[in-house]
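Structure at a glance
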Amino acid sequence: MKHLRIVDDVMTHAAVSIDHGTAFKDIVEALRMWNVSALPVLSEDGRVIGVVSEADLLLKEQGTDTAGVTTAEQLMTRPAVTVAEDAAIPAAARLMAHSHLKRLPVVDGDGRLTGVVSRGDLLKVYLRPDADIAAEIREMIMHQLIPRGSVEVHVHVANGVVYLHGSLPEPALEDAVVRAVGTVPGVVDVKADFTVPVSA
């Protein structure tokens, strides 16, 4: 399975959007047709300049009788909360939670829309097979964290929970190993039970 590390790995690339000049009724129809609660609004060059949500439409409808001639540019919330396509999945999740949003427009380096990412997309990382997670952890521990030829660390993964046991050459390594293992995509928790060889 492909390692899921950045937003581009999990996002929906075929994103639905509207032009800044889209009329009120057409926005309502687009939301209904695509069964979404908000749509990114694009400038003429494809950059995301705002987002129109169902809440924006309802506020306009209740506040005035000119909804029929209102456009997306007048309705949208700006600036739009977006995420870069190369952003790490945990960073995107934090942004989504902090902003209280269910979906985020994904943009390239020039601010142009390249897709959309949802809460469900970000959770895909936790569907990674345990065997793949364990293999990556073993490779990382034995080739990056602990010098070759030193003691062996045993790795077992069940439902995303990593169990580590064995012996380490020095106590200070335990925290570093646990922290590093926790960053591996798909890891839910890390439980370690290490012993340290007693010096002669």
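Coordinates for the structure precede this section.
Description of the structure in this document.

Rules used in this analysis
- Residues numbered from 1 in each chain as written.
- Predicted model: local features only at pLDDT ≥ 70, side-chain atom pairs only at ≥ 80, totals over all residues.
- Heavy atoms only, no water.
- Axes fitted to C-alpha atoms, helices over the stretch in contact; angles between N-to-C directions.
- Helix = DSSP H or I, 4+ residues; strand = E, 2+ residues; numbered from the N terminus.
- Parallel < 35°, antiparallel > 145°, perpendicular 65-115°, else oblique.
- Left-handed = near helix turned anticlockwise from the far one by under 90°.
- Contact = heavy atoms within 4.5 Å.
- Nonpolar A, V, L, I, M, F, W, Y, C, P; charged D, E, K, R; others polar.
- Core = buried A, V, L, I, M, F, W, Y, C linked by side-chain atoms within 4.5 Å.
- Buried < 20%, exposed > 50% of the residue type's maximum accessible area, 1.4 Å probe, protein only.
- Salt bridge = Lys/Arg side-chain N within 4 Å of Asp/Glu carboxyl O.

On to the packing of helix 7 (residues 130-145) against helix 8 (residues 173-182), then. Two elements in contact, helix 7 and helix 8, have axes separated by 11 Å at closest approach and are oriented at 140°. Overall, the two elements helix 7 and helix 8 adopt an arrangement that is oblique. In this structure, helix 7 meets helix 8 at a crossing whose hand is right-handed. On helix 8, the residues that touch I137, M140, I141 and L145 of helix 7 are L173, V177, A180 and V181. When grouped by side-chain class, the residues that make up the contact of helix 7 with helix 8 number eight nonpolar, no polar and no charged.

Ranked by internal contacts, the top residues of the largest apolar core, which has 20 residues, are I137, I141, V155, V162, L164 and V181. Among the secondary structure elements, those contributing two or more residues to this core are helix 7, strand 7 (153-158), strand 8 (161-167), helix 8 and strand 9 (189-195). Counting 14 residues, the second largest nonpolar core, distinct from the first, contains V10, M11, A87 and V125.

Quick look at the pattern of salt bridges now. Inspection of every chain in the model, using the stated rule, returns seven salt bridges. A salt bridge links R5 to E136; its shortest N-O distance comes to 2.3 Å. Of this pair, R5 sits in the segment before helix 1 (7-10) while E136 sits in helix 7, and the two are 131 residues apart along the sequence. With relative accessibility at 15%, the residue E136 sits in the buried group. Where D110 meets R112, a salt bridge forms, and the shortest distance between an N and an O atom there is 3.4 Å. Given a relative accessible area of 33%, R112 falls into the partly exposed group. Salt bridges sharing partners connect three or more residues here, namely R5, R128 and E136.

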